Amino acid sequence: MKHAIYQMKIIPGDPEGNRRKIKQWAEETVRTEKPDIIVLPEMWTTSYTLDELETLSDHDGEPSLSFLKDVAKANDVHIIGGSIPNMKNGDIYNTSFVVNKAGELVYQYDKIHLVPMLNEPAYLTGGTEKVQLFELDGVKMGLIICYDLRFPELARSLALKGAEVLYIVAEWPKARGEHWKALQIARAIENQFYVVSCNCVGTHDGVEFSGNSMVVDPWGNTLKLGSEQKEETIVESIALENVNSFRSDVPIFTSRVPEMYEL
């Protein structure tokens, strides 16, 4: 399963400009790399222009959801659609969409954990639905957004349901860049699945984003690591048959004693 990850430099506060940019990138990347799945970063329509989201947010996913459906269908490619600020019933959520190559919405998720260090709770509402599995080409997958990475319970809940790949879409800051890399490797090792992440690059409002989009295998090996500062496309294929072999070699799920754990 071949991935193309768009480590994007987002244009702050310009949803239409970012849609044009992604459309052009997707067309070129699918033509040259022929990926099965393309992956976008968190808040790709606006970046962290939090004080402008009242006017910049999508409404019930539109127009960005229709845009993703059109791009997926036109290019015959699955899309892990990063996330967008999304107004629903007067509240703004950080919402991710997964769209298959037929242009159908497969899954959507509202970010549960809001980042106090970036003042997200002052502008956004946390999601109220638990993370769930979705499937693309018969592969069980999960998705979390940025700060969610610090809460291992989410990743473990998806692994226990059978997830073979975890996607992480982010605008992770460079100030905590080492955490970004270390936590992804930890999630891969402790859950024995692939981790595929898409971070952005650039700076907005004094916050520099760390890049370093990654593909990590279930043994914790970093298969691909993006640069810290460069907008680029990271391309990597993953071998899903490795998931079961890793889980057989170190059978942590059959060794669990959940009645002994307190949360």
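Scroll up to find the structure this text is about.
From a predicted model like this one, the values you see are computed outputs, not experimental measurements.

**Quick notes on helix α6 (residues 241-249)**
Helical geometry note: an α-helix holds 3.6 residues per turn, so side chains three or four residues apart project in the same direction. Along α6, the residues classified as buried are V243, F246 and R247. Considered in projection along α6, the buried side chains sweep an arc of 95° and stay on one side of the axis. Set apart from the buried face of α6 by more than 90 degrees, the exposed residues are E241, N244, S248 and D249. Next to the buried residues of α6 lie α4 (152-160), α5 (177-191), β11 (194-198) and α7 (252-255).

**A look at unusual backbone geometry**
Cis geometry marks the peptide bond from E62 to P63; its omega dihedral reads 15°. Within the chain, D76 stands out as a residue other than glycine whose phi angle is a positive 55°. Tracing the chain through its elements places D76 in the loop between α3 (64-75) and β4 (78-80). Positive phi outside glycine occurs at N89, with the angle close to 50°. Tracing the chain through its elements places N89 in the loop between β5 (84-88) and β6 (91-99).

**Topic: the state of the cysteines**
On inspection of all chains with the given rule, the structure shows zero disulfides. C146 carries a free sulfur, and the closest cysteine sulfur to it, the one in C200, is 8.3 Å from it. The exposure class of C146 is buried, given its relative accessible area of 5%.

Cut-offs and rules
Residues numbered from 1 in each chain as written. Predicted model: local features only at pLDDT ≥ 70, side-chain atom pairs only at ≥ 80, totals over all residues. Heavy atoms only, no water. Buried < 20%, exposed > 50% of the residue type's maximum accessible area, 1.4 Å probe, protein only. Helix = DSSP H or I, 4+ residues; strand = E, 2+ residues; numbered from the N terminus. Arc of directions from axis to C-beta. Contact = heavy atoms within 4.5 Å. Disulfide = S-S within 2.5 Å.

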